[in-house]
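Listed below, chain by chain, are the residues.
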Amino acid sequence: MFKRFKNIKPSTLLIHLIVTLAYPAAKAALAPVNKLQVFIDVMTIIALMLLFIGVFYSLFIRGDYDISGFFLRRGMKQGEKNFDAYESDMKEKREAVFNYPLFLGLLYLIVAAVVAYTVL
């Protein structure tokens, strides 16, 4: 994961931050009491969901589902390549990918734990 940090695109990271923090911020703003606690609770739930999605995306990035994608494309008659050519094409595409859900899930979980420990 650390070697992929060079693949972070600031615009994509900013969009992911805005989208994933919009719901916790809205829930905290609409809460009648304990706004910070509501924000931390919702951010923890979002972080756990992002971690779950990030683990599966990590498996996809590693190439664990290449054979399934190959047979799916072959069944739909979209590709006439053999598996080795398909795998090398997919490997080239995966080289430039960063796992935003896993990174943000870890970051949000750490931030929520630190804020909860120090403030609440």
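In what follows, the accompanying structure is described. On a predicted model such as this, the values are computed, not experimentally measured, just so you know.

Structural notes on a nonpolar patch on the surface
A surface patch of nonpolar side chains, about 500 Å² in accessible area, is lined by F52, I53, F56, F60 and Y65. Tracing the chain through its elements places Y65 in the loop between α2 (35-62) and α3 (66-75).

Here we look at the packing of helix α1 (residues 10-30) against helix α5 (residues 100-119)
Remark: α1 packs on α5, axes separated minimally by 11 Å, with the N-to-C direction vectors making an angle of 55°. When the axes of α1 and α5 are compared, the pair comes out oblique. Crossing angle aside, the handedness with which α1 passes α5 is right-handed. In contact with T12, L13, H16, L17, T20 and L21 of α1, α5 contributes Y100, F103, L104 and Y108. The residue inventory of the contact of α1 with α5, partitioned by class, reads seven nonpolar, three polar and no charged.

Some words on the side chain of T20
If you trace the backbone, T20 turns up in helix α1. A polar side-chain atom of T20 sits 3.4 Å from the main-chain carbonyl oxygen of L17. For T20, the residues in contact, after removing those within four places along its chain, are I46, L50, L104 and Y108.

Examining the nonpolar core
Counting 13 residues, the largest nonpolar core has L13, L50, F103, L104 and Y108 as its most contacted members. Elements that contribute at least two residues to this core include exactly α2 and α5.

What about the packing of α1 against α2?
It is the contact of α1 with α2, at a shortest axis distance of 8 Å, that shows an interaxial angle of 155°. Considered as vectors, α1 and α2 are oriented roughly antiparallel to each other. You can see that α1 and α2 cross each other, and the crossing is right-handed. Taken together, the residues of α2 that come into contact with α1 (itself represented by T20, L21, Y23, P24, A25, K27, A28 and A29) are K35, V38, F39, V42, M43, I46 and L50. Partitioning the contact of α1 with α2 into residue classes produces 12 nonpolar, one polar and two charged.

Some points on the environment of G54
Within the fold, G54 resides in helix α2. Sequence separation between G54 and P101 is 47 residues, and the spatial gap between their C-alpha atoms is 4.8 Å. Those residues in contact with G54 that lie beyond four places of it in its chain are N99, P101 and L102.

So, how was this worked out
Residues numbered from 1 in each chain as written. Predicted model: local features only at pLDDT ≥ 70, side-chain atom pairs only at ≥ 80, totals over all residues. Heavy atoms only, no water. Patch = residues over 30% accessible without salt bridge, like charges linked within 9 Å, V, L, I, M, F, W, Y side chains within 5 Å. Areas by Shrake-Rupley, 256 points an atom, 1.4 Å probe, with all protein chains shown as cover. Salt bridge = Lys/Arg side-chain N within 4 Å of Asp/Glu carboxyl O. Helix = DSSP H or I, 4+ residues; strand = E, 2+ residues; numbered from the N terminus. Axes fitted to C-alpha atoms, helices over the stretch in contact; angles between N-to-C directions. Parallel < 35°, antiparallel > 145°, perpendicular 65-115°, else oblique. Left-handed = near helix turned anticlockwise from the far one by under 90°. Contact = heavy atoms within 4.5 Å. Nonpolar A, V, L, I, M, F, W, Y, C, P; charged D, E, K, R; others polar. Polar contact = N/O pair within 3.5 Å; in protein donor to acceptor, adjacent residues only side chain to side chain. Core = buried A, V, L, I, M, F, W, Y, C linked by side-chain atoms within 4.5 Å. Buried < 20%, exposed > 50% of the residue type's maximum accessible area, 1.4 Å probe, protein only.

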